[in-house]
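# Structure assessment
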Amino acid sequence: MTTDETAGADNILVIKNCALITLATGRRAMNLRELGLELAEVAANSIYYHFWGGLLRPSFADPEYQNDFAGWALNSLHDTRLAERLAIVDPTTYHDLEDLRRDLIDIVEDRIEESEMVPWARREQQFTFVESQIVVFDTEIRVHDPAALVDLLPSLSAGAIFYHFIDARRRNPESIDDFRRWLLGFGDRYAKLIQRIAGLDPHFGSLTELREELSRIFRSYFEWERQ
Amino acid sequence: MSGMLDEYARVVGHDVIRELRQLAKALQGLTVVNVNSTREGGGVAEILNRLVPLQRELGLNSLWETIAGDAPFFASTKTFHNALQGVETMVPKSMLDAFEQTTQTNAERLHDLLKDADVVFIHDPQPVGLIARVPERRGKWIWRCHIDVSHPYRPVWKYLRQYAQQYDASVWHLAAFAQPMGHPQYLIPPSIDPLAEKNVTLDPVEVDRTVEEHHLDRGRPIVVQVSRFDRFKDPLGVISAYRMAKKYVPLQLVLAGGGASDDPEGAKVLEDVNTAANGDPDIHVLLLPPDAHRTINALQRIADIVLQKSTREGFGLTVSEAMWKEKPVIGGNVGGIRLQVVDYQTGFLVSTPEGAANRIRYLIRHREKIGEMGAKAHRLVLENFLLTRQLRDYLTLMVAIRSGSKERIEF
């Protein structure tokens, strides 16, 4: 999708939905050295998936270790120090996935360097690299007025939230979500709302929680505006 | 909205069905042919029984064909099935001949339909060879493997791989099961059907009747494991865990399963289980007929805690069945159980009978946790392991594979 289609010529927000389907890559790592080697070669799409795909998978645990690499370091290598270093990596600050790849490899190599032995996992707990394809489809919902999102947001699917709030950062040249990008099209009118959305951290919660937070931000903003 | 989709909307919500309709727009009128080996019995038939009519309701021309075979053919495919799950077994040439001959006969019968189909799903090893007999294929062919092939007996796998590799893509339950193939390998976990007899809401009267029939005492906690009498399901480990836990908390154990009568290994396991139970009136070993779906349903609802203490497991859909009924599950830390049991959230993952015993004691002592975990378990299944999610994955897969191997597909 081009960005113009999201925030269309008449500044209309085109609501889309998406479905992610995962594929095996055949790449696996049983110890930290293998993880480093595979990270150097695996498709960038796979690294992206291991940071964000968790949002679309069954999960309740470890919100502080949201990316799969940190989760594996914690649960399978039992290396808390490494898990903490990997968990702090924020993919939203990278414009290029190759930079993200390089930083991950650095963290892994640093850890190998300072360890007396290479941390390893049991065979059934090896890290399995997967990647994904994203299928985007139109919901036929069009939004002309930002205030309309107060009622609409709570009913959007997890897939739509993923598409407009997470996937958008990879699509949009400014690396921001579709909501902010669309609101910017109204000039300074919604500057405060844009600022509040920017403060929403997509890392520590599920897509349902993200939707609730977004809904709360829009609702409270327009209540404030009415007053 | 009409028909079956309406019924599912009442369970999963209208928004989920609306999404399916939106996704299916890209597939309107496509002829999709599913081929497996039987219309009745087994998980694949159970799923196709629902998936095919649902796809038709969504506007796809979805069809379901089965291959016909004689006893020697099914003997060969049973051998293949065991070998794919790691059993070392000799396959005589006569077996391969029976397999090839039956494949050829079925290919001749189904040739025109398969040749012209837009998408063909071939399920499991029995019909895998059809692809080689339909060289002028118009559509995309997908091999759906429902078996745990993580550690296959290599000679048999190599033989079947010559066919599997010819497909445009394959589908596996888990990444750990996928074998190197040289084509896209999609990952789609299985699902349970909330409207099937095994999972529908039961009248309390029917549940009470099951309690009475099996002489259970609802005044004391009940732990249930539903599975075939198979060593990999570790029924002896379950009895051992029950004994350890019972020293501290009052307890009854139900081990319910079927299919042992025609399986020599199963009969032996059942005998061992009865020996281990040693006449304990609080251990209920139930050998149920294959169609006892409502009894299984009732037993899962009666349970305070459900166990699935497997030492090896493909996916273990009995876990999702129990979770759907709002039960915490204490499961073996293996295979697909790990995907369903989120440790400390929807139940506990354990590696030993001792671990299972500890968790049983903990949950019986902290009964509020049973409700909390059960509610989370139900939500997890609602969002991830119902038939509508699998249907959505299949629709996504069809859109994706028809668009080539692009990372992003829009319509």
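Note that this is a predicted model, so its numbers are computed, not measured.

Calculation rules
- Residues numbered from 1 in each chain as written.
- Chains lettered and ligands numbered in written order.
- Predicted model: local features only at pLDDT ≥ 70, side-chain atom pairs only at ≥ 80, totals over all residues.
- Heavy atoms only, no water.
- Pairing = 2+ DSSP bridges.
- Helix = DSSP H or I, 4+ residues; strand = E, 2+ residues; numbered from the N terminus.
- Axes fitted to C-alpha atoms, helices over the stretch in contact; angles between N-to-C directions.
- Contact = heavy atoms within 4.5 Å.
- Salt bridge = Lys/Arg side-chain N within 4 Å of Asp/Glu carboxyl O.
- Buried < 20%, exposed > 50% of the residue type's maximum accessible area, 1.4 Å probe, protein only.
- Patch = residues over 30% accessible without salt bridge, like charges linked within 9 Å, V, L, I, M, F, W, Y side chains within 5 Å.
- Areas by Shrake-Rupley, 256 points an atom, 1.4 Å probe, with all protein chains shown as cover.
- Lys, Arg positive; Asp, Glu negative; His and termini not counted.
- Charge placed at Lys NZ, Arg CZ, Asp CG, Glu CD.
- Phe/Tyr/Trp six-rings, centres within 6.5 Å; stacked < 30°, edge-to-face > 60°.
- Lys NZ or Arg CZ within 6 Å of the ring centre and 35° of its normal.
- Domains from an automatic or database assignment.
- Buried area = accessible area lost by both parts, 1.4 Å probe.
- Polar contact = N/O pair within 3.5 Å; in protein donor to acceptor, adjacent residues only side chain to side chain.
- Nonpolar A, V, L, I, M, F, W, Y, C, P; charged D, E, K, R; others polar.

### Structural notes on the sheet that holds strand β9 (residues 283–288) of chain B
Residues and elements named next belong to chain B. Spatially, β9-β8-β7-β10-β11-β12 is the arrangement adopted by the six strands of the open sheet, whose pairing is parallel. Two strands bound the open sheet, and with one partner strand each, they are β9 and β12 (347–350). Direction aside, the axes of adjacent strands within the sheet are offset by 20° on average. Across the sheet, helix α13 (residues 353–365) touches β7 (222–226), β10 (305–308), β11 (329–332) and β12, and the angle it forms with β12 is around 165°.

### Describing the pattern of salt bridges
Residue and element names in this part refer to chain A. Overall, the coordinates contain 41 salt bridges over all chains when judged by the stated rule. As a salt-bridge pair, E225 and R189 come within 3.9 Å of each other at their nearest N and O atoms. Taken together, the positions of E225 in helix α11 (residues 207–226) and R189 in the loop between α9 (178–184) and α10 (191–198) put the pair 36 residues apart, joining distant regions of the chain. Classification of R189 by relative accessible area gives exposed; the value is 52%. Where salt bridges share partners, they join D79, R85, R111 and E114 into one cluster.

### Topic: the sheet that holds strand β4 (residues 140–144) of chain B
Here we have nine strands laid out as an open sheet, ordered β2(B)-β1(B)-β3(B)-β4(B)-β5(B)-β6(B)-β1(A)-β2(A)-β13(B), and mixed in their pairing. Each end of this open sheet is capped by a strand with a single partner; those strands are β2 (61–66) and β13 (408–410) of chain B. Taking each pair of neighbouring strands and ignoring which way they run, the sheet shows an average axis angle of 25°. Strand contacts of helix α3 (residues 44–52) of chain A: β1 (13–29) and β2 (127–143) of chain A, with the helix running at about 75° to β2(A), the strand carrying the most contacts.

### Brief notes about a negative patch on the surface
Residue and element names in this part refer to chain A. Together, D103, D106, E109, D110 and E113 line one region of the surface with negative charge. Topologically, D103 is positioned in helix α6 (residues 97–114). Of the residues examined, D103 reaches a relative accessible area of 33% and is grouped as partly exposed.

### Examining the packing of aromatic side chains
Summed over all chains, the structure comprises 27 aromatic pairs over all chains. Here the aromatic residues F179(A), W182(A), F186(A), Y190(A), F218(A), Y221(A), F222(A) and W224(A) are joined through ring pairs into a cluster of three or more. Above the face of the W64(B) ring, R39(B) is positioned so that its terminal group lies 4.5 Å from the ring centre. Positioned above the aromatic ring of W141(B), the side-chain terminus of R137(B) is 5.8 Å from the ring centre.

### Examining the domain arrangement of chain B
Residue and element names in this part refer to chain B. Per the domain assignment, the segments of chain B are domain 1 (4–191 + 386–402) and domain 2 (204–384). Taking the mean C-alpha position of each, domain 1 and domain 2 sit 30 Å from one another. The interface of domain 1 with domain 2 comprises 14 residues on the first partner and 13 residues on the second. With both chains or domains summed, domain 1 and domain 2 bury close to 990 Å², and 66% of this area falls on carbon and sulfur atoms. For the domain 1 face of the interface with domain 2, the top three residues by lost area are L174, P190 and L386, together amounting to 42%. Inspection of the domain 1/domain 2 interface yields zero salt bridges. Viewed at the interface, domain 2 and domain 1 are joined by three residue pairs in polar contact (both at pLDDT 80 or more). When the residues that make up the side of domain 1 that touches domain 2 are grouped by side-chain class, the tally is seven nonpolar, five polar and two charged.

### Some details on the interface of chain A and chain B
With 36 residues of chain A at the interface, the matching set in chain B holds 38 residues. Buried area between chain A and chain B, summed over both chains or domains, comes out near 3,100 Å², and the portion from carbon and sulfur atoms is 52%. Viewed at the interface, chain B and chain A are joined by four salt bridges. At the boundary of chain A with chain B, the tally comes to 17 residue pairs in polar contact (both at pLDDT 80 or more). For the side of chain A that touches chain B, the elements supplying multiple residues, two or more each, are β1, β2 and α8 (158–171) of chain A. For the side of chain A that touches chain B, the leading source of residues is β2(A), giving 11 residues.

### A closer look at unusual backbone geometry
Negative phi values dominate among residues other than glycine, just as trans dominates among peptide bonds. Positive phi is not limited to glycine here, since E140(A) has a value of about 65°. Residue placement: E140(A) occurs in strand β2.

### Some remarks on the environment of L104(A)
Mapped onto the fold, L104(A) is located in helix α6. Separated by 57 residues in the primary sequence, L104(A) and I47(A) place their C-alpha atoms 9.6 Å from one another.

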